[in-house]
Amino acid sequence: MTAPVSILHEDNTGTHARIRNDFPALHQRVNGKRLVYLDSAATAFKPRCVIEAVRDVWERDCANIHRGVHTLSQRATQRYEDARVKIGRFIGTDDRRELVFVRGATEAINLVAHSYALPRLGLGDEIVITGLEHHANIVPWQVVRDRTGATLKVVPVSISGEVALSAVEQQLSSKTKIVALAHVSNALGTILRVKEIVNRAHALGAVVLVDGAQAVPHLPVNVMDLGCDFYVFSGHKLYGPDGTGVLFARRELLESMVPYQTGGDMILSVTFEKTLYNELPARFEAGTPNISGAVGLAAAIDFISDVGLEWIFRHEQLLLKFAQEKLSKIEGLRFIGTASDKVGVISFVLEGVHAHDIGTILDAEGIAIRTGHHCAQPVVERMGVAATARASLGMYNDESDIVALAEGIQRVKQMLG
Ligand code: PMP
């Protein structure tokens, strides 16, 4: 299939065609139509190099890591640890001890809630989150609240889907022990002013966890520059394998934390009386990890670095503007989440039509979007709706996808409007 040509920016045509060719899953027909994939916020397609990296581990270096003296085990260990260094550098740390491999953003947040927050918080302490969090950054803090007696405070979100610094300040106090917030909202696309919020929280002695699941695929992230204490993300949204993810934690904090899970590989020695825990980061990686997944995630980072996050950001921003212009012409369509600073997440409702029906009719046209509350029920309710339709962009999307979406929505209107 020939790649659609982009007119969005000058250097786009060649780069973009090359990118599309690298994603095998794009080139298929769904329900007899060209697949238009607009659900990268749920999970991103994988470039060929990621698929090959995972396969290569299984074909050549299929062995368990850290424990084996044989060659394959040593090779697998090397690849796993090289991946750690690469992923750490991608988000701005050179210290491999600060990078813990986990199953995804959800597990990383649970790790921090259990290993950092549960032993430290008590009655009178406060946890601050924002009103636009994914359930993965709400429920673990409710568990901490319920077990420790701490209070959970929520920074309100404006009707445009923004989190004002003044609103954050109102919730912060000397009682705040943890601030946990999204870098980018999955339901609305809003980019939060993380650096300023980190500064304010630190001034009051609180630590900050940033949920970067929706940020790392779209913007350059540097944890040192942000100044945050914890940063988490999932590999599968970053064009990498599912079941992979990362917790970045400042070394002093990790050193002071108790392991969340225990078992093999996280120990130095075990007797029935006493166990000595391993060094960082192994102390937080109990059991056999997703070895091929880590290597695949490192390959995804190589791919992204080759394309360049600046290019990706610019491309997606131009496409977002194009989509906003195109869709705003559709009568009865209302955008949900209109922050001035946002990534390519386009949530909308259509007058008189249930979001689920939009998704179903678009699917018949080969167009994949997400409908519902996007695991962020509170913010969708805050926007005054029960559900939205959400089209989300990846580096491989182009105008032809947006044109197809707009035509698909017109078809929905003809059928149901
Ligand atoms: N946070 C945000 C902002 C997300 O978008 C997601 C995934 N939708 C998560 C956390 C959870 O990620 P995972 O399911 O990969 O653990």
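The rules behind these values
- Residues numbered from 1 in each chain as written.
- Predicted model: local features only at pLDDT ≥ 70, side-chain atom pairs only at ≥ 80, totals over all residues.
- Heavy atoms only, no water.
- Axes fitted to C-alpha atoms, helices over the stretch in contact; angles between N-to-C directions.
- Helix = DSSP H or I, 4+ residues; strand = E, 2+ residues; numbered from the N terminus.
- Parallel < 35°, antiparallel > 145°, perpendicular 65-115°, else oblique.
- Left-handed = near helix turned anticlockwise from the far one by under 90°.
- Contact = heavy atoms within 4.5 Å.
- Nonpolar A, V, L, I, M, F, W, Y, C, P; charged D, E, K, R; others polar.
- Near = heavy atom within 4 Å.
- Polar contact = N/O pair within 3.5 Å; in protein donor to acceptor, adjacent residues only side chain to side chain.
- Areas by Shrake-Rupley, 256 points an atom, 1.4 Å probe, with all protein chains shown as cover.
- Domains from an automatic or database assignment.
- Buried area = accessible area lost by both parts, 1.4 Å probe.
- Expected span 1.5 Å × (residues − 1).
- Buried < 20%, exposed > 50% of the residue type's maximum accessible area, 1.4 Å probe, protein only.
- Pairing = 2+ DSSP bridges.

It is worth spelling out the packing of helix 4 (residues 105-120) against helix 5 (residues 139-148) at this point. As a packed pair, helix 4 and helix 5 sit with axes 9 Å apart at the nearest point and diverge in direction by 25 degrees. The angle between helix 4 and helix 5 places the two elements in the roughly parallel class. Helix-helix and strand crossings are classified by hand; for helix 4 and helix 5 the assignment is right-handed. Contact with helix 4, carried on its side by Ile109, Asn110, Val112, Ala113, His114, Ala117 and Leu118, involves Pro140, Trp141, Val144, Arg147 and Thr148 of helix 5 and no other residues of that element. When grouped by side-chain class, the residues that make up the contact of helix 4 with helix 5 number eight nonpolar, three polar and one charged.

The local shell around the ligand consists of Gly104, Ala105, Thr106, His134, Ala136, Asn186, Asp211, Ala213, Gln214, Ser234, His236 and Lys237. Within the side chain of histidine 134, a nitrogen or oxygen atom sits 3.1 Å from a nitrogen atom of the ligand. Considering the ligand on its own, with 400 Å² of exposed area, one finds that the protein chains cover 84% of that surface. When the residues that make up the shell around the ligand are grouped by side-chain class, the tally is three nonpolar, seven polar and two charged.

Turning our attention to the domain arrangement of the protein chain. Accessible area lost during the coming together of the parts is what is often quoted as the interface size. Taken domain by domain, the protein chain comprises domain 1 (5-30 + 308-416) and domain 2 (51-305). Between the C-alpha centres of domain 1 and domain 2 the distance comes to 28 Å. On the side of domain 2, 30 residues touch domain 1, which itself brings 34 residues to the contact. A combined buried area of about 2,700 Å² lies between domain 1 and domain 2, and 63% of that area is made up of carbon and sulfur atoms. Looking only at domain 1, the three residues that lose the most surface to domain 2 are Leu309, Val343 and Val379, adding up to 21% of its buried area. Where domain 1 meets domain 2, there are 17 residue pairs in polar contact (both at pLDDT 80 or more). Of all the elements in the fold, those that place two or more residues in the side of domain 1 that touches domain 2 are helix 11 (309-328), strand 14 (345-350) and helix 13 (377-382). Grouping the amino acids of the side of domain 1 that touches domain 2 by side-chain chemistry returns 18 nonpolar, nine polar and seven charged.

Here we come to helix 10 (residues 291-307). Taking 1.5 Å per residue as the helical rise, helix 10 with its 17 residues ought to reach 24 Å, and the 25 Å between its terminal C-alpha atoms agrees with that figure. Taken across its 17 residues, helix 10 has 14 buried, putting it largely inside the fold. The backbone nitrogen of glycine 293 lies 2.8 Å from a side-chain oxygen of the residue at the head of helix 10, namely asparagine 290. Positive backbone phi, approximately 100 degrees, marks glycine 308, located one or two places after helix 10.

It is worth spelling out the sheet that holds strand 14 at this point. The four strands are arranged 13-14-17-16 in an open sheet whose pairing can be described as antiparallel. The open sheet has two free edges, formed respectively by strand 13 (333-336) and strand 16 (370-372), since each of these has just one partner strand. Pairs of neighbouring strands in the sheet enclose a mean axial angle of 30 degrees, with direction left out of account. In the sheet, strand 13 pairs with strand 14 via four bridges, with the strands oriented antiparallel. What sits directly across from isoleucine 336, in strand 14, is serine 347. Across the sheet, helix 14 (residues 399-416) is in contact with strand 13, strand 14 and strand 17 (388-392); its angle to strand 14 comes to roughly 15 degrees.

For lysine 33, the location among the structural elements is in strand 2 (residues 33-34). Its relative accessible area of 32% is what places lysine 33 among the partly exposed residues. In this structure the C-alpha to C-alpha distance between lysine 33 and leucine 238, which are 205 residues apart in sequence, comes to 26 Å. Those residues in contact with lysine 33 that lie beyond four places of it in its chain are Gln28, Ala364, Glu365 and Gly366.

On to the sheet that holds strand 8 (residues 207-211). Read across the open sheet, the seven strands follow the order 4-10-9-8-7-5-6; overall the sheet is mixed. Across the chains shown, the open sheet's two edge strands, defined by having one partner strand only, are strand 4 (99-102) and strand 6 (151-155). Taken over all neighbouring pairs, the strand axes of this sheet differ in orientation by 20 degrees on average, direction set aside. In the sheet, strand 9 (residues 230-234) pairs with strand 10 (residues 245-249) via five bridges, with the strands oriented antiparallel. Residue pairing across strands places tyrosine 231 opposite phenylalanine 248, the latter belonging to strand 10.

The peptide bond linking leucine 280 to proline 281 adopts the cis configuration, its omega dihedral lying at -5 degrees. For aspartate 265, which is not glycine, the phi torsion reads 75 degrees and is therefore positive. Mapped onto the elements, aspartate 265 comes out in the loop between helix 9 (251-255) and strand 11 (267-270). Among the residues examined, aspartate 265 registers a relative accessible area of 13% and is labelled buried. Its identity is not glycine, yet cysteine 375 carries a phi of approximately 55 degrees, on the positive side. By the secondary structure assignment, cysteine 375 is in the loop between strand 16 and helix 13. By relative accessible area, which is 31% here, cysteine 375 ends up partly exposed.

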